[in-house]
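Notes for the structure review
The chain contents come next:
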Amino acid sequence: MNIYDIAMMPLEAWVLKKMRSAIMPGAYGDVLEAGIGTGVNLRYYNPVKIRSLTGLDRQCSRELERRAGKNFTFFRGNVEEMPFAEGQFDTVVATLLFCTADIEKSMSEIQRVLKPGGLFIFIEHVRPKGARAGKFVDFANSSWTRIADGCNLNRRTDEILRQSSFSELIISERGVFRYGTAKKI
């Protein structure tokens, strides 16, 4: 277990586990997990529904490759410029990714690599709704970004998702987290 997983343990136990359990089993077919990180989503997939799993991130550990199984392929890279063919995947998963990525480029790439009718599964944190909390997060963001490897606390990813060309968009809220699914038209 690495330092990121250890630091995230309380948040995983109290909040993220429930979100992952609710949406990850919906992944099917040829699945791309953009920003696979340490592979925390792996235990939530339904292996019966997945033909292949492709992980994309800046790096991959041997432990992740071992846990992911024989139908796992890893690509080094970022979500803004993915090395995959148009319409290659049935499902694309992105969790806690858009706080560091260029959201517009990433959304465009996700839609490009998804098959028509394909499923997009996501979990993101967003800027708090309240005026005070929002202003505090805006103030703290520049320091946090330097400390947390580029993570932005004040992104409005849910608003960008609502403006995208995805159909059947379902967004659930839990505090500053948004999670759900969408289909490519």
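Residues numbered from 1 in each chain as written. Predicted model: local features only at pLDDT ≥ 70, side-chain atom pairs only at ≥ 80, totals over all residues. Heavy atoms only, no water.

**Side note on helix α3 (residues 103-113)**
Among the residues of α3, Ile103, Ser106, Met107, Glu109, Ile110, Gln111 and Val113 are the ones counted as buried. Buried residues along α3 sit in contact with β1 (29-34), β4 (89-95), β5 (114-125) and α5 (157-163). Two or three places before Glu104, at the opening of α3, Asp102 has a side-chain oxygen 3.2 Å from that residue's backbone nitrogen. (Buried < 20%, exposed > 50% of the residue type's maximum accessible area, 1.4 Å probe, protein only. Helix = DSSP H or I, 4+ residues; strand = E, 2+ residues; numbered from the N terminus. Contact = heavy atoms within 4.5 Å. Polar contact = N/O pair within 3.5 Å; in protein donor to acceptor, adjacent residues only side chain to side chain.)

**Focus on the sheet that holds strand β7 (residues 177-183)**
The 7 strands lie next to each other as β3-β2-β1-β4-β5-β7-β6, forming an open sheet whose pairing is mixed. Edge positions in the open sheet fall to β3 (72-76) and β6 (167-174), since each of these has one partner strand only. With direction set aside, neighbouring strand axes in the sheet form an average angle of 15°. Relative to strand β2 (residues 50-57), β1 is paired through 6 bridges, and the arrangement is parallel. The residue bridging Ala34 from the neighbouring strand is Leu56, located in β2. Sheet strands in contact with α3 are β1, β4 and β5, and its direction is about 145° off that of β5. (Pairing = 2+ DSSP bridges. Axes fitted to C-alpha atoms, helices over the stretch in contact; angles between N-to-C directions.)

**Examining helix α4 (residues 131-147)**
Every α-helical turn comprises 3.6 residues, leaving residues that sit three or four positions apart pointing alike. Between the first and last C-alpha of α4 there are 24 Å, a value that for 17 residues agrees with the 24 Å anticipated at 1.5 Å per step. For α4, the principal kink sits at Asn141 and spans about 50°. Where α4 is concerned, the buried positions are Gly134, Val137, Ala140 and Asn141. The positive-phi residue at the C-terminal boundary of α4 is Asp149, with phi of around 55°. (Expected span 1.5 Å × (residues − 1). Bend = angle between axes of the 7 residues up to and from the residue.)

**Concerning the side chain of Thr54**
Its place among the elements puts Thr54 in strand β2. Given a relative accessible area of 8%, Thr54 falls into the buried group.

**Focus: the side chain of Asn41**
Note on placement: Asn41 falls in the loop between β1 and β2. Once residues lying within four places of it in the same chain are set aside, the contact partners of Asn41 are Arg20, Met24, Glu33, Val93 and Thr95.

**Looking at the state of the cysteines**
The tally for this structure, following the rule as stated, stands at 0 disulfides. Not part of a disulfide, Cys99 finds its nearest cysteine sulfur in Cys151, a span of 3.6 Å. (Disulfide = S-S within 2.5 Å.)

**Things to note about the packing of aromatic side chains**
Remark: the centre distance and the inter-plane angle together describe each pair of aromatic rings, the angle taken between the planes. Counted under the stated rule, the structure contains 5 aromatic pairs. On the numbers, 4.9 Å between centres and 85° between planes, the contact of Phe75 with Phe84 is edge-to-face. We classify Phe75 as partly exposed; its relative accessible area is 31%. Each ring, one from Phe98 and one from Phe120, has its centre 6.4 Å from the other, and the planes form 65°; the classification is edge-to-face. Of the two residues, Phe98 is situated in the loop between β4 and α3 and Phe120 in strand β5; the sequence distance between them amounts to 22 residues. Linked through ring pairs, Phe98, Phe120, Phe122 and Phe166 together constitute an aromatic cluster. (Phe/Tyr/Trp six-rings, centres within 6.5 Å; stacked < 30°, edge-to-face > 60°.)

**Examining the UniProt feature "domain: Methyltransferase type" (unreviewed entry) in the chain**
When the UniProt feature table is mapped onto this chain numbering, "domain: Methyltransferase type" (unreviewed entry) sits at residues 32-122. Secondary structure within residues 32-122 divides into 20% helix and 35% strand; the distance between the first and last C-alpha atoms comes to 12 Å. (UniProt positions renumbered as here; feature names shortened; annotations may be inferred.)

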